[in-house]
Each structure stands twice: as structure tokens, then as C-alpha cells.
Amino acid sequence: MSTNLPVGDRFTTEQLVTRRALFQVAGVTLVGTVVLASTGCASAVGAMGAPMFPHADTGAISPQTVAGVPVGTLGGGTKPIFVAPPGNLDPVVHSVADTLFWGEQLMEHAMFFAMLMPGPELAGPRGEAESFQRQFEQHLTRLRGSRLDRTSYAAFNNSTLALTNAIIDYKQRMELAQTAGRMRSLVWPTFFSHTRNEAIRFRGRLAQLNQGNANFDRREVVPFWADKMEEHALFVSHLLDPAEKTLKGAAETAAASFDKLEDAPVGSKDPAMAAVQQIINFKVAAERGIQAGQIKSIIHPALADHVRREAVRFKDELIRAV
Ligand SMILES: [Fe+2]
Ligand SMILES: [Fe+2]
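Residues numbered from 1 in each chain as written. Chains lettered and ligands numbered in written order. Predicted model: local features only at pLDDT ≥ 70, side-chain atom pairs only at ≥ 80, totals over all residues.

Participant: Honestly, the overall build of the protein in this entry has me stumped. Any pointers?
Facilitator: A count of helical and extended segments in the protein gives ten helices and three strands. Reading the protein from its N terminus to its C terminus gives the helix and strand order α-α-β-β-β-α-α-α-α-α-α-α-α. Every one of the 322 residues in the protein was classed for burial, and the buried ones make up 38%. Restricting the contact set of the protein to residue pairs at least 6 apart, pairs at least 24 apart contribute 66%. (Helix = DSSP H or I, 4+ residues; strand = E, 2+ residues; numbered from the N terminus. Buried ≥ 20, exposed ≤ 12 C-beta atoms within 10 Å, placed from the backbone. Contact = placed C-beta atoms within 7 Å.)

Participant: I keep staring at the sheet that holds strand β3 (residues 81-83) and nothing clicks. Help me out?
Facilitator: Sheets are built from strands that pair by backbone hydrogen bonding, the pairs being arranged parallel or antiparallel. Spatial strand order, β1-β2-β3: three strands in an open sheet with antiparallel pairing. Of all the strands in the sheet, just β1 (62-66) and β3 have a single pairing partner and so form its edges. The sheet shows a mean angle of 45° between the axes of neighbouring strands, direction not considered. Note that strand β2 (residues 69-74) and β3 share three bridges and pair antiparallel. Within the sheet, the bridge partner assigned to Gly 72 lies in β3 and is Val 83. The sheet contacts of helix α10 (residues 301-320) involve β2 and β3, and relative to β3 the element is tilted by about 20°. (Pairing = 2+ DSSP bridges. Axes fitted to C-alpha atoms, helices over the stretch in contact; angles between N-to-C directions.)

Participant: What am I meant to see in the nonpolar core here?
Facilitator: Proteins that are soluble and globular tend to have nonpolar side chains buried together. Judged by nonpolar contacts, the single largest core of 74 residues is most densely connected at Val 71, Val 96, Ala 97 and Ala 110. At twelve residues, the largest contribution of residues to this core is made by helix α3 (residues 91-115). Of the residues that make up this core, three or more belong to each of domain 1 (1-76 + 221-301) and domain 2 (90-214). Non-local contacts of Ala 97, meaning those with residues more than four positions away in its chain, are made with Val 71, Phe 82, Val 83 and Ala 84. (Core = buried A, V, L, I, M, F, W, Y, C linked by C-beta atoms within 7 Å. Domains from an automatic or database assignment.)

Participant: What's the story with the pairing of β1 in this structure? I'm lost.
Facilitator: Inspection of the sheet shows β1 paired to β2 by five bridges, in the antiparallel sense. Note on β2: the bridge partner recorded for Val 66 is Val 69. Connecting β1 to the antiparallel partner β2 that follows it, the hairpin turn spans two residues, and Ala 67 within it adopts a positive phi of roughly 55°.

Participant: What am I meant to see in helix α9 (residues 270-291) here?
Facilitator: Quick reminder: α-helices carry 3.6 residues per turn. Residues three or four places apart thus point the same way. In this model, α9 (22 residues) spans 31 Å end to end at C-alpha, consistent with the 32 Å of a helix rising 1.5 Å per residue. Just downstream of α9, Gly 293 is the residue with a positive phi angle, here 70°. (Expected span 1.5 Å × (residues − 1).)

Participant: Help me understand unusual backbone geometry, please; the structure alone is not making it clear to me.
Facilitator: Residues other than glycine predominantly adopt negative phi, and peptide bonds predominantly adopt the trans conformation. The residue Ala 67 is not glycine, and still its phi comes out positive at about 55°. For Ala 67, the location among the structural elements is in the loop between β1 and β2. Assessed through the 23 C-beta atoms surrounding it within 10 Å, Ala 67 is described here as buried.

What follows is the structure in C-alpha cells.
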């Protein structure tokens with residue numbers, strides 16, 4: 001191995017082989033790994049081209065009953081992803097499935113905020129976040145213990161809307177405080193706005209379901225989720241260890257592709273479907289690598305699974321969208 005490299009770029013052959021093996025264990029096959037191993041130069045990573053991620057199958061929807069109605073779940077991670085049964089357009093069923101899905105996501109948003117608000121000076125906002133976490137957990141327990149039908153689902157949705165409105169308000173207040181420098185948490189303003197937009201979207205969905213309409217409109221589904229997938233990829237890029245140049249590059253490439261998709265939704269489903277499958281593959285590989293301690297990052301495994309579930313949900317909505 002050359003010793004002319006700067007100190008920071010020196011690797012032994014053994015280190016390079018080990019590094020390559022770790023990427024493979026994490027499910028990431030790097031194009032041109034031979035180049036990396038033979039040159040022994042860290043800067044070669046950037047010249048290798050895009051990494052390829054193995055196909056992650058989201059599987060079939062498995063049926064179950066919650067709140068007296070048939071719903072379904074997609075798996076593959078630490079928590080089930082609730083969806084309506086295929087082809088189902090019943091607003092009661094979709095209300096239950098969407099509340100199970102988004103209730104879990106909004107509960108986790110509060111959990112992430114609490115994790116990222118350390119120390120006594122942030123006890124106030126952290127306490128509010130922990131309170132939302134408990135309230136969403138209790139709300140989901142209430143949903144599981146109830147029986148909803150056409151006469152009662154709108155009232156339950158209204159109780160969900162009240163809680164959702166409260167967390168939307170909290171996210172807005174926190175974003176403004178963080179942006180203005182009145183609060184010094186570890187939550188980016190963009191993370192507050194991202195999660196607020198998800199809650200606002202859920203609020204709109206519940207209002208639509210209360211009107212009896214369970215359709216997904218492709219003109220809404222693609223721009224909404226493309227924007228969220230772009231931001232997830234940027235979050236991943238920013239939370240990876242600076243040494244993870246290849247994965248950071250892959251995350252930034254994914255963000256750029258969703259930025260294009262968001263700006264110009266196309267008439268065919270294919271480009272969006274191909275893009276969402278790619279981001280699912282990337283997120284599954286990243287989640288496995290993070291859980292196994294094979295990727296250097298400050299990404300909590302719960303956050304990796306959270307964004308993976310949202311990508312799978314995007315794919316499910318895209319299949320249903322008209
Ligand atoms: Fe989320
Ligand atoms: Fe998200």
C-alpha cells in the first residue's frame with residue numbers, strides 16, 4: 001500500500017477488506033469494490049459510482065381485525081404498517097387503518113423530540129413531548145378497545161383530530177422557538193416542519209374520511225410523499241458519520257431524485273413506483289446496517305424504522321391511488 005497518502009487516507013489492506021465485508025453484510029453491494037481494495041485510497045470511494053441496494057420485498061398484506069373492522073398489515077420491520085385491505089374503499093376501515101398508522105408515527109415524533117431535548121433547560125418542551133407520546137399511546141389503546149361503524153367513526157375521528165391539532169400546534173411553536181434561537185434543542189427546524197406536515201396531511205385525510213371518501217388521489221399522494229422521501233434522505237445524509245461518504249452520496253442522490261419527482265409528477269405510475277422501491281431498498285439496507293452496528297451514524301434504529309415504514313406506506317398508497 002502506498003505510504004504517500006495523507007495520514008487520514010491511510011488504510012491497511014486488512015482494514016479495506018474488513019470495510020468491504022461490512023458493507024456486504026449491511027446489504028450494500030458497492031459498484032467497484034475491487035477498485036477500493038486495490039487502490040487502498042479512501043478518496044476512491046467517491047469515484048466508484050452509485051451503490052446498489054438489494055431488492056426489499058414489502059410482502060403481501062396480512063389481514064386482521066381492529067376496532068371491529070378488517071384492516072391489514074405490512075411487515076418487515078420492528079412494527080407492523082397498518083393499511084386497508086386491498087381494494088377496500090370503506091371510510092370506516094380506512095379511518096381505523098390510517099389512525100393506527102399515523103397514530104404510531106405521531107407518537108414516535110414526540111418520542112424523537114424528547115430524545116433530542118436533553119438537559120434541565122429543556123425540561124418544559126421535553127415534558128410536553130412526553131405527554132404527547134403518552135396521549136397517542138392511550139388514544140391507540142382506546143381505538144383498539146372500541147368497535148367502530150358508520151354511525152360512530154366520525155366522532156372517533158374528531159377525537160383523533162383534536163389530539164392531532166394539539167401536536168400540530170406544538171410542532172409549530174417548537175419550530176419557531178428553535179428557528180429564533182429561543183430554544184436550543186437538537187431538533188432541526190426542518191424536522192419540526194416535516195413532522196408537522198405529516199400531521200397536517202393526516203388531519204386532511206381524516207376530514208376527507210369523515211365526508212365518506214376513502215380515495216387516494218395520485219396528484220396529492222406523489223407530491224406529498226416525494227417531498228417527505230426527499231427530506232428523509234437528507235436527514236439520513238446529515239445523521240450519518242461524516243466518514244460514511246458512499247452512503248451519504250447515495251442519500252443525497254435519492255433526495256435529488258425525489259425533488260424532481262415532487263416538482264414534476266408524471267402521468268404514469270412507473271417512475272414514482274421505481275423511485276419508491278429504490279428508497280425502500282436503501283432504507284432497509286440502512287436500517288439493517290444501523291441495527292447491526294455496521295454503519296457509523298447517530299441514527300436511532302427507531303428513526304430508521306420510522307422512515308422505512310413511511311416509504312412502505314407511500315408504496316401502498318401509490319398502488320391504490322387513482
Ligand atoms: Fe414521520
Ligand atoms: Fe417522515
